[in-house]
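Observations on the three-dimensional arrangement
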Protein chains: 2
Amino acid sequence: MTSSSENPDPVKAKCPPVLVDDVYLNGPTLDVNGAEDFIRESMRIITEDAVKKATDVREKVCEWHSPEDLKELLDLQLTDEGESDTRILERCRDAIRYSVKTTHPRFFNQLYAGMEPYSMVASFIIEALKPSLYTYEVSPVFTLVEDAVLRKMREVIGWKEGGDGIFNAGGSLSNMYAVNLARYHHCPDVKELGLSAVPRLVLFTSQECHYSISKAAAFLGIGTKNVYVVPSDNRGKMIPTALEELIQTAKSEGAVPFMVNATAGTTVLGAFDPIEEIADICEKHNLWLHVDACWGGAALMSAKHKHLLKGVHRANSVAWNPHKMLMACLQCCAFLVRDKTGLLQRCYSARASYLFQQDKFYDVSYDTGDKSVQCSRKPDAFKFWLMWKALGSKELEQRVDRAFAMAKYLAQEVKKREGFRLLMEPEYANVCFWYIPPSLRDLPDSTELWEKIHKVAPVVKERMMKKGSMMVGYQPHGDKANFFRMIIISPQVSRQDMDFVLDEIDRLGRDL
Amino acid sequence: MTSSSENPDPVKAKCPPVLVDDVYLNGPTLDVNGAEDFIRESMRIITEDAVKKATDVREKVCEWHSPEDLKELLDLQLTDEGESDTRILERCRDAIRYSVKTTHPRFFNQLYAGMEPYSMVASFIIEALKPSLYTYEVSPVFTLVEDAVLRKMREVIGWKEGGDGIFNAGGSLSNMYAVNLARYHHCPDVKELGLSAVPRLVLFTSQECHYSISKAAAFLGIGTKNVYVVPSDNRGKMIPTALEELIQTAKSEGAVPFMVNATAGTTVLGAFDPIEEIADICEKHNLWLHVDACWGGAALMSAKHKHLLKGVHRANSVAWNPHKMLMACLQCCAFLVRDKTGLLQRCYSARASYLFQQDKFYDVSYDTGDKSVQCSRKPDAFKFWLMWKALGSKELEQRVDRAFAMAKYLAQEVKKREGFRLLMEPEYANVCFWYIPPSLRDLPDSTELWEKIHKVAPVVKERMMKKGSMMVGYQPHGDKANFFRMIIISPQVSRQDMDFVLDEIDRLGRDL
């Protein structure tokens, strides 16, 4: 389809043929118009299989195959000869068929879920246009869109005037930006001289924080042992007095504390660290306060629930992923900064002269690429902007409120049902519980019992995946045996789905 | 369109209403089927405007507006109330209209260009399915596809058996992976203890390398001053004897050299460092050799041109972006590792227990997420895999050969024409040249003349953008005054487009 030696322009056709190094250079050899049928047919398949069927509650969430079997089914080998469009369309169908349907109403396995049509369309536009954010001249629309979204998100946080930020390829990267920026703020010389020239730097985070903080410490050369882990209470919230003590410990060791990471919405329990109290301690010790609100930031959209992040406006930086609770397409991750002095730019800039020329004909302050550790960067903010335009803040708020209510409903049901045991009342959209099969229900509470309960979730998980009926995550956590973690996000989900989840776990596990 | 209180399932409708915290939880409030018309219409707009019109040579590459004007045109404000689907579709049209058409045959501004229909369709599938690569259970298809593509790319590099790798959100990130991996290989303790516990580490790269190496040194805590910059020759290639000397210098200072970055295809000049000789030096001094082949890696697909990377199989790691010359959709960036002992996993792992449970029912060695600094990660390899399946290695090779030939043709034309001056013979697909308007052609070669020539390219660039006829980059470089850098990639381009570029520069600049 795409090979063509025809020249669509009659004027050009008159030119003499040109041969260089045995290659004819007259006329394009790829004609996008010739691909129209293929594109149209593939879009039909995507709409039918990857959108409609994938989100249909009557369909399977996944069609399980072992890696070995799936390799056979997919025929992955790359060879010298190409394949026909018909064959490629079959491959598209297969890729969709054997993929997990993360947009299915019964997918509860991660901190993202569901299908947001406006955001999906924004994603398609991005993929077709192939924009890259670094200079205004190459991405005028998306540069301005990113600026507008960051501005609005800062407003929601409570930073009324100014500030800075950037969208990143993932919340882990946003947390890394925070650690690096805090370090630069503490000691700008590190950028040039490196860490071997300064005393040992230490940062603080809770035991419940996301693992990206530890990865950041390793990647940024700080070292995982210089992440001082603050104990959390039994709700999963950082204990401020323990933070204060650890800061003193670090200082007494001759180390240099430079930042605290507070988590708003922890990964497993959905807990919110007490930001206000942590901010007091940061101010007292002159430490950068970063709030990892990748998961919990959505609560800021709700008048009813934003108190969970009380004090967040006192943070120096915030990471917030609209691709989680707010359902923007993957990935959509904002890193927001309170500073108004250009700290982000100074920290990250490398002033590449081939990209950031200073003699351009427009205001080069719109060239935002030198705030990034990336060069090419996708305009992810557009995926959030378009859906926000369509839904308005009000509908986003309603969705958040509904997810909270749905989590509360599920927790109530768990408490009502025999054989289910709630880990704790949910504070957010994580509902954690054990399933205890009939054979274990009458056993005395003991280490042996919990060892047996520990083995239940993996088997139920295996069975739900092989059946394809739903996907719910499980994990051990601290001294707790394997438990299920239900995540509630999508407005495609109703309370009937909550009931279904509990019924299905019971169906799948009652013989254990 | 997406708000619905109706319940599509008659069985569910019989359930009693449930109200929690003032929210009705019966039935979904988002019905993807209800969005079908919107999705269909948006896909029509994308096909017409973002695919067909965007790639039509008779259309403009861009419709220039200043940031201030464009803000007005786009109406970026985010508000409480949502907008109608009709209005959102208009916004889609506008976003496309005012965006730069990087897939247009006359877009030569970056190291990527053109429209690859197969890869675009793969991107759409990814966006619709919302997969994330960390565990096999959530992304079975894309996990295996990534493995297959990495395997094949390693084979092309010449690593016949085994090895490792990962796709990243950008070549800059791949280079960072390399620096971190080299550091970990040199001194595994750094992961836990950080750089303040070890002597000053130093890495080497040429003056022509991409700025991401410097950004990596800053980000990873090594410090930009510990990037020792090796002089390049007048072709832009690293001088091996100068590298050897700098290594000795570093050692004599008591610093610890740990890696060398060689560039295969530099950003501005398209130069290839002499890998074979650099590999000899690395072996002698026991240094990690990373090859940044983000841009030049494509030459490996060509029997005729792969000699440019001779010795690449001796590298410890290679960064290679199929989204550049090979036209996979943005972003598609492989980081490839020769090591077969699991170094990548050991270097990056954090063993998050909520994601990488060891009691799963399948072989967890397929859970590749702990090799990454990211948590959510997009399955970019699929965009390359599908087009490779469609085209076969042979057509990829032909495209690469054609880009080389086209660059050669353009260089010949530049030399033929009055008022154009070639910077140097191209070795790859970068063609660098000055345009000298008639008024300057008879002036004697002097600093004053070059100061005048320096001001020509920015004006021509402004004019081409305001006209929308094409986009070609320019930059100063070392002691060289501003010159144009043409990048040739896409098979949508013919030698007539090369002629057009030179004609157009002359038209736009002859009065200067």
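Residues numbered from 1 in each chain as written. Chains lettered and ligands numbered in written order. Predicted model: local features only at pLDDT ≥ 70, side-chain atom pairs only at ≥ 80, totals over all residues. Heavy atoms only, no water.

Looking at an unreviewed UniProt entry, chain A carries the name Glutamate decarboxylase like 1, with the source organism given as Sphaeramia orbicularis. Quoted verbatim from the Sequence similarities (unreviewed entry) field of UniProt, the annotation for chain A is "Belongs to the group II decarboxylase family." (UniProt positions renumbered as here; feature names shortened; annotations may be inferred.)

Our focus in this paragraph is the overall build of chain A. Regarding its fold elements, chain A presents 17 helices and 14 strands. Seen through its principal axes, chain A has C-alpha atoms that stretch 90 × 60 × 45 Å. In chain A, buried positions account for 68% of the 512 residues. Put simply, of all contacts in chain A between residues at least 6 apart along the chain, 71% involve residues at least 24 apart. When the 64 basic and 69 acidic side-chain charges of chain A are each reduced to a single mean position, those positions are 5 Å apart. (Helix = DSSP H or I, 4+ residues; strand = E, 2+ residues; numbered from the N terminus. Buried < 20%, exposed > 50% of the residue type's maximum accessible area, 1.4 Å probe, protein only. Contact = heavy atoms within 4.5 Å. Lys, Arg positive; Asp, Glu negative; His and termini not counted. Charge placed at Lys NZ, Arg CZ, Asp CG, Glu CD.)

Further remarks concern unusual backbone geometry. The phi torsion of most residues other than glycine is negative, and most of the peptide bonds are trans. Residue and element names in this part refer to chain A. Q331 follows L330 through a cis peptide bond whose omega is -15 degrees. Relative to the assigned elements, Q331 resides in the loop between β9 (317-320) and β10 (333-337). The phi torsion at M327 lies on the positive side, around 70 degrees, for a residue other than glycine. Looking at the element boundaries, M327 is found in the loop between β9 and β10.

Quick look at the relation of the copies chain B and chain A now. Note on the identical chains: chain B maps onto chain A by a rotation of 180 degrees and an axial translation of 0.0 Å, with an RMSD of 0.0 Å. Here the transformation between the copies is reduced to the relation of a two-fold axis. Take the interface residues of chain B: 100% of them recur as interface residues in chain A, which is what a same-surface contact looks like. (Least-squares fit on C-alpha atoms with pLDDT ≥ 70 in both.)

Contacts between the two partners involve 194 residues from chain B and, on the opposite side, 194 residues from chain A. Where chain B abuts chain A, roughly 16,800 Å² becomes buried across the two surfaces, and 62% of that area is made up of carbon and sulfur atoms. On the chain B side of the contact with chain A, L78, K130 and F219 of chain B bury the most area, a combined 6% of that side's loss. Counting every contact that joins chain B to chain A gives 14 salt bridges. Between K394 of chain A and E81 of chain B there is a salt bridge; the shortest N-O distance is 2.5 Å. Remark: the boundary between chain B and chain A carries 96 residue pairs in polar contact (both at pLDDT 80 or more). The element best represented in the side of chain B that touches chain A is helix α13 (residues 381-416) of chain B, accounting for 20 residues. (Buried area = accessible area lost by both parts, 1.4 Å probe. Salt bridge = Lys/Arg side-chain N within 4 Å of Asp/Glu carboxyl O. Polar contact = N/O pair within 3.5 Å; in protein donor to acceptor, adjacent residues only side chain to side chain.)

Residue and element names in this part refer to chain A. Two elements in contact, helix α5 (residues 117-129) and helix α13 (residues 381-416), have axes whose closest approach is 8 Å; the angle formed by their N-to-C orientations is 140 degrees. Accordingly, the angle class assigned to the pair α5 and α13 is oblique. Crossing of α5 against α13: the hand is right-handed. Across the interface between the two elements, Y118, S119, A122, S123, I125 and I126 from α5 touch F382, K383, L386, M387, A390 and L391 from α13. Of the residues that constitute the contact of α5 with α13, the class distribution is nine nonpolar, two polar and one charged. (Axes fitted to C-alpha atoms, helices over the stretch in contact; angles between N-to-C directions. Parallel < 35°, antiparallel > 145°, perpendicular 65-115°, else oblique. Left-handed = near helix turned anticlockwise from the far one by under 90°. Nonpolar A, V, L, I, M, F, W, Y, C, P; charged D, E, K, R; others polar.)

On the secondary structure map, D380 of chain A appears in the loop between α12 (343-348) and α13. Sequence-distant contacts of D380 of chain A, defined by excluding residues within four places in its chain, comprise F167, N168, Q331 and C332 of chain A.

What follows covers the UniProt feature "modified residue: N6-(pyridoxal phosphate)lysine" (unreviewed entry) in chain A. Residues and elements named next belong to chain A. Sequence positions flagged by UniProt for "modified residue: N6-(pyridoxal phosphate)lysine" (unreviewed entry) are, in local numbering, K324. Along the chain, the position of K324 falls in the loop between β9 and β10. Leaving out residues up to four positions away in the same chain, K324 has contacts with L111, Y112, C294, W295 and I489.

All names here are of chain B. Counting through the fold element by element, D367 comes out in the loop between α12 (343-348) and α13. The class of D367 is buried, set by a relative accessible area of 6%. Through-space distance from the C-alpha of D367 to that of E137 is 8.1 Å; in sequence the pair is 230 residues apart. Ignoring any residue separated from it by four or fewer positions in sequence, one finds D367 in contact with Y134, T135, Y136, E137, F356, K360 and Y362. At 2.9 Å, the side chain of D367 and the side chain of Y362 are in polar contact.

Two side chains that carry opposite charge are able to pair once their charged atoms sit near each other. Scanning all chains against the criterion turns up 90 salt bridges over all chains. We note a salt bridge from E36 of chain A to K52 of chain B, for which the minimum N-O separation is 3.0 Å. Highlighted residues: E36 of chain A in helix α2 (residues 36-53) and K52 of chain B in helix α2 (residues 36-53), drawn from two different chains. R91 of chain A serves as the salt-bridge partner of E83 of chain A, at 2.7 Å between the closest nitrogen and oxygen. Ionic contacts of the salt-bridge type, sharing partners, join the residues E36, D37 and R40 of chain A together with E48 and K52 of chain B into one network.

This next bit is on the environment of G509 of chain A. All names here are of chain A. With respect to the helices and strands, G509 occurs in helix α17 (residues 495-509). Assessed through its relative accessible area of 0%, G509 is described here as buried. A C-alpha to C-alpha distance of 7.2 Å links G509 and V456, two positions 53 residues apart in sequence. Apart from residues no more than four positions distant in its own chain, G509 is found in contact with Y435, P437, V460 and R463.

Residues and elements named next belong to chain B. Here strand β9 (residues 317-320) shows a buried face lined by S317 and A319 and a second buried face lined by V318 and W320. By the bridge criterion, three bridges tie strand β8 (residues 288-292) to β9 in an arrangement that is parallel. Bridge pairing in β9 links V291 to V318. Here four bridges tie β9 to strand β10 (residues 333-337), and the two strands are oriented antiparallel to one another. Directly across from A319, in β10, lies its bridge partner F335. (Pairing = 2+ DSSP bridges.)

Taken together, E68, D69 and E72 of chain A together with D363 of chain B make up a surface patch of like negative charges. Tracing the backbone shows D363 of chain B in the loop between α12 and α13. (Patch = residues over 30% accessible without salt bridge, like charges linked within 9 Å, V, L, I, M, F, W, Y side chains within 5 Å. Areas by Shrake-Rupley, 256 points an atom, 1.4 Å probe, with all protein chains shown as cover.)

Let us look at the confidence of the model for chain A. Residue and element names in this part refer to chain A. Here chain A averages 95 in pLDDT, while 97% of its residues score no lower than 70. Every residue in residues 1-8 scores below 50 in pLDDT, and together they form 25 contacts with partners more than four places removed in sequence or on other chains. For this predicted complex, the interface confidence score (ipTM) comes to 0.96, while the overall pTM stands at 0.96. (pLDDT = per-residue confidence, 0-100.)

Residue and element names in this part refer to chain A. Each assigned domain of chain A is listed with its residue range as follows: domain 1 (132-378) and domain 2 (392-510). Here the C-alpha centre of domain 2 lies 32 Å away from the C-alpha centre of domain 1. Contact with domain 1, which involves 26 residues of that partner, is made by 27 residues of domain 2. Between domain 1 and domain 2, a total of about 2,200 Å² is buried, with carbon and sulfur atoms accounting for 64% of that surface. The largest per-residue losses of area from domain 1 upon contact with domain 2 belong to V268, M325 and M327, which jointly make up 28% of the total buried on that side. When the shortest N-O distance is used, the salt bridge between K237 and E427 registers 2.6 Å. In this assembly, domain 1 and domain 2 are joined by 11 residue pairs in polar contact (both at pLDDT 80 or more). Partitioned by chemical class, the residues of the side of domain 1 that touches domain 2 number 13 nonpolar, seven polar and six charged. (Domains from an automatic or database assignment.)

It is worth spelling out the sheet that holds strand β11 (residues 420-422) of chain B at this point. Residues and elements named next belong to chain B. With mixed pairing, the five strands of this open sheet are ordered in space as β3-β13-β14-β12-β11. Each end of this open sheet is capped by a strand with a single partner; those strands are β3 (107-108) and β11. Note: strand β13 (residues 471-477) against strand β14 (residues 480-487), four bridges, orientation antiparallel. Each residue of the ladder has a partner; that of Y474, found in β14, is F484. Set on the sheet, α13 makes contact with β11, β12 (430-435) and β14; between it and β11 the angle comes to about 130 degrees.

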